[in-house]
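Architecture and fold: a report
So the chains spell out like this:
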Amino acid sequence: MIEVNPIIIIFAAIFTSNMIFSNFLGMCSFIAVSKEIPTAIGLGISVTMVMTVTTILNYIIYWTVLVRFNLEYLMFIIFILIIAAFVQLLEMVLERYLPTLYYSLGIFLPLITVNCAILGISLFMVTRQYNFMQTLGYAVGSGIGWLLAITAMAGIRSRLNEKSIPEGLRGTPITLIITGIMALAFVGFSGMVQIQ
Amino acid sequence: MIKKSEVKKIFKKGIYTENPVFVQVIGICSALAVTNLMMNSLIMGIALSFVTAFSCLTVSLLKSYTPKHIRMMVQVLIISSFVIIVDIYLKAYMPNMSKSLGPYVGLIITNCIIMGRAEGFAQANPPILSFLDGIASGLGYTLVLLMISSIREILGFGTVFGFQILPETITKWTLMVMPPSAFFILACIMWVTNNRRLKLERKGVEKR
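Taking an unreviewed UniProt entry as the reference, chain B is identified by name as NADH:ubiquinone reductase (Na(+)-transporting) subunit D belonging to Sedimentibacter hydroxybenzoicus DSM 7310. What UniProt states about chain B under its Subcellular location (unreviewed entry) heading is, verbatim, "Endomembrane system".

An unreviewed UniProt entry annotates chain A as NADH:ubiquinone reductase (Na(+)-transporting) subunit E of Sedimentibacter hydroxybenzoicus DSM 7310. According to the UniProt record, the Subcellular location (unreviewed entry) comment for chain A is "Endomembrane system".

1. Here's the deal with the nonpolar core
All names here are of chain A. With 106 residues, the main nonpolar core has Met27, Phe30 and Trp146 as its most contacted residues. Examining the composition of this core, we find that 10 residues originate from one element, helix α5 (residues 75-97), more than from any other. Aside from chain neighbours lying at most four places away, what touches phenylalanine 30 is Ile20, Trp146, Ala149, Ile150, Met153 and Thr179.

2. Re the UniProt feature "transmembrane region" (unreviewed entry) in chain B
Residues and elements named next belong to chain B. According to UniProt, the "transmembrane region" (unreviewed entry) feature falls on residues 21-39, 45-62, 74-94, 100-116, 128-150 and 170-193. Counted over residues 45-62, helix gives 100% and strand 0%. Its end C-alpha atoms are 26 Å apart. For residues 74-94, the helix share is 95%, the strand share is 0%, and the end-to-end C-alpha distance is 30 Å.

3. Some points on the packing of aromatic side chains
Residue and element names in this part refer to chain A. Summed over the entire model, instances satisfying the criterion amount to 15 aromatic pairs over all chains. Measuring from centroid to centroid gives 5.5 Å for phenylalanine 186 and phenylalanine 189, while their planes differ by 70°, and the two rings are edge-to-face. Look at phenylalanine 186 and you get buried, because its relative accessible area is 14%. Since its relative accessible area comes to 29%, phenylalanine 189 is described here as partly exposed. By the ring-pair criterion, three or more aromatic residues cluster together here, those being Tyr59, Tyr62, Trp63, Phe79 and Phe132. Sitting over the face of the ring of tyrosine 97, arginine 96 holds its NZ or CZ atom 5.1 Å from the ring centroid.

4. A short note on a nonpolar patch on the surface
Residues and elements named next belong to chain A. Nonpolar side chains collect at one region of the surface, where Leu89, Met92, Val93, Tyr97, Leu98 and Leu101 lie side by side and expose about 600 Å² of accessible area between them. Among the elements that line the nonpolar patch, the one with the most residues is α5, at 4 residues. Following the sequence through the fold, methionine 92 ends up in helix α5.

5. Some remarks on the packing of α5(A) against helix α4 (residues 71-93) of chain B
At a minimum axis separation of 9 Å, α5(A) and α4(B) run at an interaxial angle of 155°. Comparing the axis directions of α5(A) and α4(B) gives the class roughly antiparallel. Judged by the twist between their axes, the crossing of α5(A) over α4(B) is right-handed. Seen from α5(A), the contacting residues are Phe76(A), Ile77(A), Ile80(A), Leu81(A) and Ala84(A); seen from α4(B), they are Met73(B), Val76(B), Leu77(B), Ser80(B), Ser81(B), Val83(B), Ile84(B) and Asp87(B). Its residues assigned to classes, the contact of α5(A) with α4(B) comprises 10 nonpolar, 2 polar and 1 charged.

What counts, and where the lines are drawn
- Residues numbered from 1 in each chain as written.
- Chains lettered and ligands numbered in written order.
- Predicted model: local features only at pLDDT ≥ 70, side-chain atom pairs only at ≥ 80, totals over all residues.
- Heavy atoms only, no water.
- UniProt positions renumbered as here; feature names shortened; annotations may be inferred.
- Core = buried A, V, L, I, M, F, W, Y, C linked by side-chain atoms within 4.5 Å.
- Buried < 20%, exposed > 50% of the residue type's maximum accessible area, 1.4 Å probe, protein only.
- Helix = DSSP H or I, 4+ residues; strand = E, 2+ residues; numbered from the N terminus.
- Contact = heavy atoms within 4.5 Å.
- Phe/Tyr/Trp six-rings, centres within 6.5 Å; stacked < 30°, edge-to-face > 60°.
- Lys NZ or Arg CZ within 6 Å of the ring centre and 35° of its normal.
- Patch = residues over 30% accessible without salt bridge, like charges linked within 9 Å, V, L, I, M, F, W, Y side chains within 5 Å.
- Areas by Shrake-Rupley, 256 points an atom, 1.4 Å probe, with all protein chains shown as cover.
- Salt bridge = Lys/Arg side-chain N within 4 Å of Asp/Glu carboxyl O.
- Axes fitted to C-alpha atoms, helices over the stretch in contact; angles between N-to-C directions.
- Parallel < 35°, antiparallel > 145°, perpendicular 65-115°, else oblique.
- Left-handed = near helix turned anticlockwise from the far one by under 90°.
- Nonpolar A, V, L, I, M, F, W, Y, C, P; charged D, E, K, R; others polar.

Given below as structure tokens:
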């Protein structure tokens, strides 16, 4: 693995290898929840938070426990358990100490456990052999990239409501086409920085 | 014991009327990511069918012993164990495939199709039917993957399963192997199927 500056990784994760537009991660909730801007931002922020913390936890556990005892094959089960446990914990803590935040973000939290973006980032971090700072940069950048993508999408979709779209295209297909066009725009960034 | 018509109904549902990708719009993350080559999609489809079928079987067998409020956790554990089996198998027998699929093998765990079938069907039905239902959903998913990837591979590389079918001199459509094309093709296929469905519905209304 070539040493890459974590700052560069943040930029790369937001623009050139954005999770939605080049890795197709987190598509399910991206399509389901991108109807209104406030909800999209809420989900985006929760995803960024959960992603940062769980990726770091997974990093620590992978290198200190799994690699040391030659248990790498258990990585899937351990990662998904950590994610589920963390989300559960976050839900309880928020409900107890920050009820207002809980009521605005609460509905998204269970959705996050099955968001493939969170697990995906942990797995990419392992296959690309990032060190600690790089992992941190990658997680934060990917979260922000996802937030950016879903907010932009919600902005576009909220204007689509009044437009006359062919009946068969309404709903998911038109969302996919718009995502494709956005992905094309993001391809334009690809000369900027390169990771992987 | 199990009626033939029932089995037929399950397969028809999984592949056509309730196809997981087109109709229920779930599990599209991996449907888009691995479809640049047909071989990748085929292996991914088989892996997903295997995991779905056996997870549904296990969930259905254990349904009376699982406490209600932790059943999600149990399902996730069952699914991840089968994914680990698939991952180890791929690493041992198809190292190249395992490398090109990369983390997407692990992401089978969060594929909503499996959770959906386990929660929606296996939880309330006998083991063998659940097993068949898992296979049917997996087949539906595999077919969609092959459909998308055949378009992308023929236009992008001029090959089918790695065999050259278009002449070497053809200008390769590079966009087809890049991410954006996956969105466009899936959208177009969905558009066609949606139109078909709407037409059938309209016909049904007129008949009545």
